[in-house]
Structure formats: structure tokens, C-alpha cells
Amino acid sequence: MSKAPRNPGGGSAGAPKSSSGQPVKFARRTPSGRYLSLSREDIDMEGEMGPDYANYTVHIPPTPDNQPMKDGAEPTAVAMKAEEQYVSNSLFTGGFNSVTRAHLMDRVIDSDVKHPQMAGARPARCAMPACDGKVMRNERGEEIDPCECRFKICRDCYLDAQKDGCLCPGCKEHYKIGDYADDDTHDVSAGKSLLARNQNGEFDHNRWLFESSGTYGYGNAFMPKGGMYEDDLDEDGAAGDDGMQDMNQKPFKPLTRKIPMPTSIISPYRIFIVIRFFVLIFYLTWRIRNPNMEALWLWGMSIVCELWFAFSWLLDMLPKVNPINRSTDLAVLKEKFETPSPSNPHGRSDLPGLDVFVSTADPEKEPVLTTANTILSILAVDYPVEKLACYVSDDGGALLTFEAMAEAASFANIWVPFCKKHDIEPRNPDSYFALKGDPTKGKRRSDFVKDRRKVKREYDEFKVRINGLPDSIRRRSDAFNAREDMKMLKHLRETGADPSEQPKVKKATWMADGTHWPGTWAVSSPDHAKGNHAGILQVMLRPPSPDPLYGMHDEDQLIDYSDVDTRLPMLVYMSREKRPGYDHNKKAGAMNALVRCSAVMSNAPFILNFDCDHYINNNQAVREAMCFMMDRGGERICYIQFPQRFEGIDPSDRYANHNTVFFDGNMRALDGLQGPMYVGTGCMFRRFALYGFDPPRTAEYTGWLFKKKKVTNFKDPESDTHKLKAEDFDAELTAQLVPRRFGNSSAMLASIPIAEFQARPIADHPAVLHGRPPGTLTVPRPPLDPPTVAEAVSVISCWYEDKTEWGDRVGWIYGSVTEDVVTGYRMHNRGWRSVYWISKRDAFLGTAPINMTDRLHQVLRWATGSVEIFFSRNNAFLASRKLMFLQRVAYLNVGIYPFTSIFLLTYCFIPALSLFSGFFIVQTLNVAFLFYLLTITVTLIALGILEGLLKVMAGIEISFTLTAKAAAEDNEDIYADLYVVKWSSLLIPPITIGMLNIIAIAFAFARTIYSDNPRWGKFIGGGFFSFWVLAHLNPFAKGLMGRRGKTPTIIFVWSGLISITISLLWVALSPPEANSTGGARGGGFQFP
């Protein structure tokens, strides 16, 4: 049985030096403007940890010798809470060739902070002379008095008092912790009887085994027979039943099920694919054997395009032959992970941790209110709060984003408990309050209406504060800059210098506590520009306590939360360091910085990434995705991809922003193979897979018949005392090569085996081959301490990735515009599988491109990335044997489909060329050509109908809403931005195609009428295909039409130009002839 290593993210994983060897200094800026050193004499409380920390390894199992042991006295629980409070109230900055500093902030935002977890909460001041530090607080925000005399003391002075004989500065007596200690009973190292040391000071395994009657198998320090906790005993004092034997006797309950498509639908679907394939073969054969000798150039162009279209259709349809549906069972998930059992008597959550990433870059292009609403929906998601952490990456380093996130954390104190109390859906406040209909539907509590009204008022005030942040920051900065100018002028007068020679004071951007913002300033300055600023890390909401914290029944409270858990997940603001001369790799680089930062701080085994405009619409979506990861065989799944759904799209979806064919057809069909592609936002990753490792078991496909062969990449350690390391998961990786791949952060390297172990499914049945013991994740994670956060600052520096494999094998892959597709391809190429999950209620909702120009640029970016993939080593032709054949075909189609635009553009001009020249792609419209054309069209329509039925079988609702005329007119402004026409060079090809085909139809019709020998068959053939082209340009034409019912001026201009052009062409090609009576001679015509 495998054993779990201990998470090094707590105090034991920290070090007073960063991974680069730079010293870490801690400082606090007081209101008087001076800095107080918080170095604690190079962290002497931690002892000389530099060399030990560099060689820190993870031992299995975590027996008492593997717990964080201090050289001096153990810090009490009060000190640990003070450390965590200090972390949450400090802004950490650092980077390349700079000292990592922790700036203790008196305030983060201008408004009041109420939640005890949030940074900037204002407790009383320390009573020590010449100290203005903050008094320590507990989880509820109540002040902690370490001594019975109630002497007010801050964290730093308390630590100093511990070093000086542990005497209280107030009563001069030894600290009597009493009821304030709240010692953590979960810490194995707290038991003095277990601290068996030999004469050399090393841990004595034999003595420990004798005293504890422990073993290194079942019943060890990690999984004791009597339970994980001291109170895990029955009433008679006996331990519970043998959990391992009991779970082997229970029937296995799967968390997910794979539901095949009904035979009545999937069989005709496959039959029509085969029929259309053979019809295309016969048609193309007939076309090649029957060239148009009158116009070989026209025939050659058409046959080349049609051959490519057939090839492209085949690449698109082959991966679609095996679509599937899936279902999840949340009741079984709760039973396995959150229900009392022999291994978890008190029903503490055994679910793995989840780190949620939100990326933003520019608050001007990405409104901070939208980002704040996304954060609020994440903080309110239905998942164990102690297992959840949210990281916000601000690639612009803007103070506006920083303070907006702080405001969101403050408002979460009201919003999150409200959502839990009344089961609110969706949990994005802006979307929730914008819902139309009866808000009381389905609500059972009598105080819902009152609570909703109060929260709505608070949210309106919150929006006002968010929207007023730009002006607030500007006014504050102007005031502080003016003060600095006055100070400089006063200094010059006192020194007798010439005021005309006053040095220029930098126009800084100031934070709410009266200090310089270390990121980007409004007026760019060296070290304070968008591409040149230090790394910034702020714990907005510190990690919650492991036990529920219910609200107090107080009349002063806005809402009664006495029966609601008021804890909030950890929230971290991060802005990676940027310096000139470094390639920061845009979004992919920001995501990799988040991976490293979160690995040091929380190290959740799973990662969920969002764009700043995507929010959680279904609060059960995370649990549903976790069902796949925690089910049997889940250890081979690298990610769960959710479909991208959008709001704010017009009812007709004229720009195809929903991408229905791709998300509801292609992606679901790939789920029946090796899994869907990774398409960006809304994807839950396995952290271990992002590190570039192979899955525990995979399959290789060899030979012409692609014979499947199972391969085991790594096994569980045979010895329970084996030291699990990163190189154990890759045969090509050695201890010397590990830093070259992942960098030189010891905490980062130590987190890898922990993330792998915690991501395993529960081994509750022999069929689970690569699992972990039940109850292993019920132990609370260690609290954050300053050295840990300082280490996180070092891994987001601009130099960290130099000479490593980040972006090449590890993390998000660099070198492509579509880094998401390449990242998913690399995982599939190593043998991982992925899952596509379409929940009944849309999991996530986002904002689509608002107008046609933005949509065209988005499609162009995708196509550019696909071309880059085709001409790189990520081409599916070069894939390994671990990639299934049909999966390889799907990735080939990704790289090839942009080239279809060349043939499509050519083919759209052929009808116009045919009408101008008087020739057609075939010599005559005979029965064979029309039969093939009709058959291809019918099979195409049938396939479209069956794909729609497959979509219905998947549980995706297809709705049609009738809207009254008046209502449509009232809501017309909702889509006002959608109909704005912005000129772009991408508009030239479709406009040219449309104009040319219209002119060609008019020209050919006039020529046929006045012809002495009219050839109506060729005109009808060319005219039909021209109308076919124009019909496909209808959405584009609707986009040019702008808002409904209003025609822009450009349409009238083009119409006039068309009329003039047609008239001039007619006069030039067929001038009128005068007859004997002086009138114009007209020609007659007759239909064939």
C-alpha cells in the first residue's frame, strides 16, 4: 500500500533564503513613515535551516521523524496563528537581483474590512513601547491574549518575548496559555511520547515502534488503526472496525458512467457517413473521367478544390464515429469522501484540494467589475472551503486590479454566506440580480426576501466603489504626490538651496496605506511600467481554519448567519515580475507562474483555469468534474474540459459565437476516443500531468492494425519507507536533471510527489490499481508562514524559467498562439486521457466577442495558431505510438483546416468566373451530375439532422423563444454593441466575393437574354452556384446590416456602385444599335 508524503507548503517547507540564494528580508512600514526590520535575526526561530532546506526530501510514511522539528522550543498555536495573520497583512515583493520584502500594510482599501481572514483588518495596537504593530487575532477576528493578564501584544513582540525566557512583558510572568492555545490535535509531533530520539539526536525507529505499537503498514502514523484523530474511538474505547477489510468487502460504487448512444440513432448516423463517403468517391471519379474540354482551366480549378473538400470532410468525420454520453453520481461522491466511515469517523472532507486560476492583463480592456464577479462566483462554489484556493494573475501589475480584488474579498463576507444560506444560483452577483422572473421560486426560508434586499443594496454599493476606483486612485495619488512636492520644496528652503533647481519628484501611484505601489504606475517610471516591475504577491484572504466557523447571532449583523459557515477560501493576488529583455510568453507564461506559485503555497493536486470574463454558473460543476478524477481509472485522466458557453449573444447568433458544431459535436465525439482537446478556459487539470510526466498506465498502438499494448510507466514503491521523489515517476529523470526541468526551488520540487499522491482515487476496492488509503486528506494543511510566501515570490521572478523545461515540456507550452491546443496535444501524446463533461446546467458562462470584426480576428488567431502547429514538431504526423489513430486524425485536422480557406476562397470565385466566361465546371448538366449532387446534399442534410438528435440525447436543450415585438424593441439596446461595424482588412475577401457574384449573375442574365442562341442551362448552373455562395454569406451580410431594421450608409454606397458598374459593363459589351426609325433595336428572348 502506498503512503502519503506530508505537504511541505507549511512552516517546514520555508526557508529564510529564496531559491536563488538571495536573502529574504521582512519589513513593515509604520504610519510615521519608517520601516521596522522583521528579519528576526535571519529567522533564528527556525534555526539554521539553509543547508537542511536545500536537501529537504519527502519521506513515506510521515512518521514523527518526518514532521517539522524545530531546534528550539516548538512554537505554540498562538504563534502559528500570528504568523498566518502576518502573512495575510503583508504585501510581498521581489524579483531578479532584488531583496524579497514583506511590507506590512495597515490598510489595503479605503473602505472598512470586516472579515477576519481578509488582509487589512484593523485590530488594536500593540502595548509595547515604540511599537505600533497589530494585536494578534483568531479565526473570528477576536483579539488573542496569550497571557491571563490580557496584555496586548503583536506577533513580532510575542516572538521576541518567547526568545527572552517566554516572559509576558505585562505581568513579568511566564506565559500561561490556558484556553488560548487551542493546540492542534492533528499534529502527530505534538505527542511527546512519540518523540523518541537516540543518543545522537536522531529519530529511533525501533523505540518509536515499541512505544507506539505502530507499524509502517496499515496502522502507521499516517493511518492509525484507532483512527486519524484521538477521538476516533468507539464509546467503549475500542477502535473502529478494520477499515481496509471492510472496504474490500463492500461492492464498488462507480462515481461516473459512460452511456453509449442509442443504436437507433448512432447506426443510421454511421451508415450515412459511409454512404456519403462512397458517393463522394463515385462523384469525384466521374468528374475526373469527364473533363470539360471547353474550359479545362475552370474544370481543373473546380476538381482540385473538390478533392480537397472531400479530404477535409473525411478528416472531420472520422473522429466523430463514436460519440458518447456521460453521467455522474454526486451522492456516491458524498458517501465516499464526506460521510463518516471507519477511516473517517467524523465525516471530514477527504476530497483533494483545488486551485482555481483567473488570469487578467489589462483593466482597461477587461473591466475589473467583471473580474470581481468571476472571483465572487469562485469563492461561493460548493466545495470544501478549506480545500479551495483562488489565485488571480494580474499580468499588467495594475493597482486598479489589486484594489478591485480587495473590494471583492470584502464583499465576499456578505455574498458567500448568502449564497450558502439560500442556495443561490448562479453565484455571480451581477448575473443573479439580472435574472428575470420570480426570485422567490424554490426558496423555503422566510427571511429570504429581507436578506436578498439587503444583499442587493450592498452589491449596488460595491459596484459604485468598484467603478469609482480609478478616480479614487488618481485623487489619492495626486494628493500624495503634491505632499511629496511640498516636502521637497520645504527641504530645499531649509537647506538654502535654489528652489528653481528643485529636482523632479516621480509621479508615483500610491496605495491606500500611503506607500508606493510596487507595480505599474499611471505615469510610467523605471521599475514601474507594464513590462518592467517587481513580482507582487498578496494573500487577500488567508487560509481558513479546518473546522466550520458559524456566524454569530447579533442584531448588529446585516444578515443572520448563525447557521451558516462563514469561512472563505484562500484568495491570492499575484503579478509576476517583468523586466526588459525577457520573453514573458504572454498568457502561457502567466499560467506557468501561477502553477509554481500555487505549488509552493497550497499545492492542490487539481487546477481549474478561467479567463477573467468566465464565471461559475453551476456551483456543482466542480464536484461533478471531481467524480471523474476520483473514479476508478481516474489516475489516467489529465484534464476535464467543459464546453464554452456564452451570454450576451443575439438570439440568431449571427456570428456563430456558440460554436455549436464544435462544442456539441466534435468535442463530444472525441470523448469517445482518447478525449477532447484543451480549448482554453473552463478546464480542470491534474497538476501532475502539467509537470510533463506520463500516466501510471498507458497504451501503445503499433502496426498497421494499431494493435493495443498496455504499458506501466511507474509503480507504487515496494517499500513503505521509500523516499518518494520526482525522479521516481520518470525513468529518464535523475536527481541532477530535476532542477534543470523544474527549476531550483526546493519547495517546488518537494511538492511534486505530494501532488501526485493526493490526486489518486481512493483505494476502496481491489479494482482501483493506483489509489491512496481512505481518510488521508482529512488532515488540515499547515498554515502559511513568511518564508513560504517569500519562496513563492522567487518562483514568479522573470529569471526562474531560464535553462529549464518550463514551456517546453512542463506547464503550458510556449511558441504558439494557440498554446491551449498544443498543451493538450502534448498530454495526449504521452498517453493521458481527457474527459468532456456537459452538465445539465451550463457549468461556466463567459462573454463572447461583441461584434463581427472581433469575431473575425478571433477566428484568424485560431487559424494562425493551427498553421503554427502544422509546421512545428507538434504536428500529429510526428506523434508517438501512445496517440490513438482517430485521435491523431483529429489533431491532423486542427493543423490542416486553415488551408481549406485557400480552396474555399477559390471555389467561391468559380461561379462568377463561370457566368462571366459562359462555361461551367461540367460540359453539360446531365443526369449523372445532378444525381450525385442531389445524393451528396441529401446525405449532408441527414447527417445534420442526426447530429441534432445526438445533441438532444446528450441532454442539451434546444429552445426556441418567441419574443413580443414591443419587448424586442425595448431590449434592442442590449445588443447595441453587437451590431457595430468596424472596418478591418478581413472584410475585403467576403465583400469582394459577394459583389463579384452579384455582378456576374446580372451580367450573365443580360447576356443570355440578348443572345441570338441563349444557353439557359449554363446560366442556370452558374447562377445556382452563385446563389449558393451568396446564401452562405448571409450571416456576413446581416453583420454588415448593423442593428436590426437599420441599414448603414455603406450598403447604399455599395448598391450604387454595383448599379453603375453593371450599367457600364452592359453598355461596353453590348452597345445599342439604331434602327431605321431612329429607335433602339431590342432583342427578344425565349426560355428553353
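Residues numbered from 1 in each chain as written. Predicted model: local features only at pLDDT ≥ 70, side-chain atom pairs only at ≥ 80, totals over all residues. Heavy atoms only, no water.

### Points about the confidence of the model for the protein chain
Moving on, step 1. Residues with a pLDDT of 70 or more make up 71% of the protein chain, whose mean pLDDT is 76.
Moving on, step 2. Within the protein chain, the element-level pLDDT minimum falls on helix H2 (residues 50–54), averaging 35, and the maximum on strand S17 (residues 683–686), averaging 96.
Moving on, step 3. Contacts for the low-pLDDT stretch residues 177–248, under 50 throughout, to residues beyond four places or in other chains number 117 contacts.
Moving on, step 4. Scored below 50 in pLDDT, residues 718–722 shows 12 contacts in the model against residues more than four places distant or in partner chains. (pLDDT = per-residue confidence, 0-100. Helix = DSSP H or I, 4+ residues; strand = E, 2+ residues; numbered from the N terminus. Contact = heavy atoms within 4.5 Å.)

### Some details on the pairing of strand S4 (residues 98–104)
Moving on, step 1. Where strand S3 (residues 90–95) and S4 come together, 5 bridges link them in antiparallel fashion. When the sheet's bridge partners are listed, Ser90 is paired in S4 with Leu104.
Moving on, step 2. Connecting S3 to the antiparallel partner S4 that follows it, the hairpin turn spans 2 residues, and Asn97 within it adopts a positive phi of roughly 55°. (Pairing = 2+ DSSP bridges.)

### Thoughts on the UniProt feature "binding site: Mn(2+)" (unreviewed entry) in the protein chain
Moving on, step 1. Taking the UniProt record as the reference, the feature "binding site: Mn(2+)" (unreviewed entry) is found at Lys587 and Asp611. Maximum C-alpha separation among the annotated residues is 10.1 Å over a sequence range of 25 residues, consistent with a single clustered spot.
Moving on, step 2. Position of Lys587 among the secondary structure elements: in helix H15 (residues 586–601).
Moving on, step 3. The residues contacting Lys587, other than those within four sequence positions of it, are Ser359, Asp611 and Glu819.
Moving on, step 4. For Asp611, the position within the fold is in strand S13 (residues 606–611).
Moving on, step 5. Those residues within four positions of Asp611 in sequence are excluded, and the remaining contacts are Val358, Ser359, Thr374, Lys587 and Thr681. (UniProt positions renumbered as here; feature names shortened; annotations may be inferred.)

### Quick notes on the state of the cysteines
Moving on, step 1. What the rule picks out here adds up to 0 disulfides.
Moving on, step 2. Left without a disulfide partner, Cys305 is nearest to the cysteine sulfur of Cys908, which lies 9.2 Å away.
Moving on, step 3. With relative accessibility at 2%, the residue Cys305 sits in the buried group. (Disulfide = S-S within 2.5 Å. Buried < 20%, exposed > 50% of the residue type's maximum accessible area, 1.4 Å probe, protein only.)

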